[in-house]
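Coordinates in review
Spelled out from the first residue to the last, the chains are:
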Amino acid sequence: MAKEGDEVLKEFVRRVNVLLDRLQKAAGVDKGPMNQADLDVLAVASVELLTNTLANMPEPMRGHRLRALSETLAADVAKKRKRIEQSIPKGSA
């Protein structure tokens, strides 16, 4: 039973990674630094996609996802920002 759960999780992670890769390529995130206007458009579009996705999700799952999102979003953003800052050569930003 645990092995079946592991396989389901692996497939879920694989699908998330494939979709994320496609979305990042479509948004041009993989092409290097973006200007503020592009970042603003990407942020608004991302929020709209997230909002629509959660709105289509039935309760109680929607409530669970929203609580988890609000608990982890700030920490996740801070971690990713730290990684970004570490990858920018000194004096470039």
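Numbering of residues begins from 1 in every chain and follows the order in which that chain's sequence is written. Confidence filtering applies because this is a predicted model: local features only for residues at pLDDT of at least 70, side-chain atom pairs given and counted only at 80 or more, and all residues used for totals across whole chains, interfaces and linings. Heavy atoms throughout the structure, all of them, feed into the side-chain values; hydrogens and water do not.

**Section: the overall build of the protein**
Which entries qualify depends on this criterion: Secondary structure elements follow DSSP: runs of H or I no shorter than four residues count as helices, runs of E no shorter than two count as strands, and numbering proceeds from the N terminus. Our radius of gyration looks at C-alpha atoms and nothing else; its globule reference is 2.2 Å times the residue count to the power 0.38. Exposure categories follow from relative accessible area, calculated using a 1.4 Å probe and restricted to protein chains: below 20% of the type maximum is buried, above 50% is exposed, and the middle band is partly exposed. Under the convention used here, a 1.4 Å probe and the Shrake-Rupley method define accessible areas, while residue burial counts only the protein chains that appear. Residues scored as positive are Lys and Arg, those scored as negative are Asp and Glu, and His as well as the terminal groups of each chain are ignored. Lys charges are placed at NZ, Arg charges at CZ, Asp charges at CG and Glu charges at CD.
When its secondary structure is counted, the protein shows three helices and zero strands. Ordering the α and β elements of the protein from the N terminus gives α-α-α. At 17 Å, the protein has a C-alpha radius of gyration far larger than the 12 Å of a compact globule built from 93 residues. By principal-axis analysis of the C-alpha atoms, the protein measures approximately 50 × 30 × 25 Å. Counting only residues that meet the buried cut, the protein has 4% of its 93 residues in that class. In the structure as shown, the protein presents an accessible area of about 8,300 Å², 62% of it carried by carbon and sulfur atoms. Treating the 16 positive side-chain charges of the protein as one cloud and the 13 negative ones as another, the clouds have centres 4 Å apart.

**Some thoughts on unusual backbone geometry**
Note the cis peptide between Glu-59 and Pro-60, where omega equals 5 degrees. Here Pro-60 is to be found in the loop between helix 2 (36-55) and helix 3 (61-87).

**Description of the confidence of the model for the protein**
What counts, and what does not: Each residue gets a pLDDT score, which is the predictor's confidence in that residue and runs from 0 to 100.
Counting all residues, the mean pLDDT for the protein is 89, and 96% of those residues have values of 70 or more. Per-element confidence in the protein is highest for helix 2, whose mean pLDDT is 93, and lowest for helix 3, whose mean pLDDT is 89.

**Digging into the packing of helix 2 against helix 3**
If you want to describe how two helices pack, look at the angle between their axes and the distance between the axes. The cut-off we apply is this: An axis is simply a line fitted to the C-alpha atoms; with a helix, the fit covers only the stretch in contact. Between two such axes, the angle follows the N-to-C directions and lies from 0 to 180 degrees. Any two residues having at least one pair of non-hydrogen atoms within 4.5 Å are treated as being in contact. Ten residues, namely Ala, Val, Leu, Ile, Met, Phe, Trp, Tyr, Cys and Pro, are considered nonpolar, four, namely Asp, Glu, Lys and Arg, are considered charged, and the remaining ones, Gly among them, are considered polar.
Direction vectors running N to C along helix 2 and helix 3 enclose 145 degrees, while the axes themselves pass 9 Å from each other. Counting all contacts with helix 2, which are made through Leu-50, Leu-54 and Ala-55, the residues of helix 3 involved are Arg-62, Arg-65, Leu-66 and Leu-69. Here the contact of helix 2 with helix 3 is built from residues that sort into five nonpolar, no polar and two charged.

**Things to note about a nonpolar patch on the surface**
The criterion, for reference: Patches draw on residues past 30% relative accessible area with no salt bridge. Two like charges within 9 Å are joined, as are two nonpolar side chains (Val, Leu, Ile, Met, Phe, Trp, Tyr) within 5 Å. The salt bridge definition used is simple: a Lys or Arg side-chain nitrogen within 4 Å of an Asp or Glu carboxyl oxygen.
Side chains of Leu-9, Phe-12, Val-13 and Val-16 sit close together on the surface and give an oily, nonpolar patch of about 370 Å² of accessible area. By the element assignment, Val-13 lies in helix 1 (residues 2-27).

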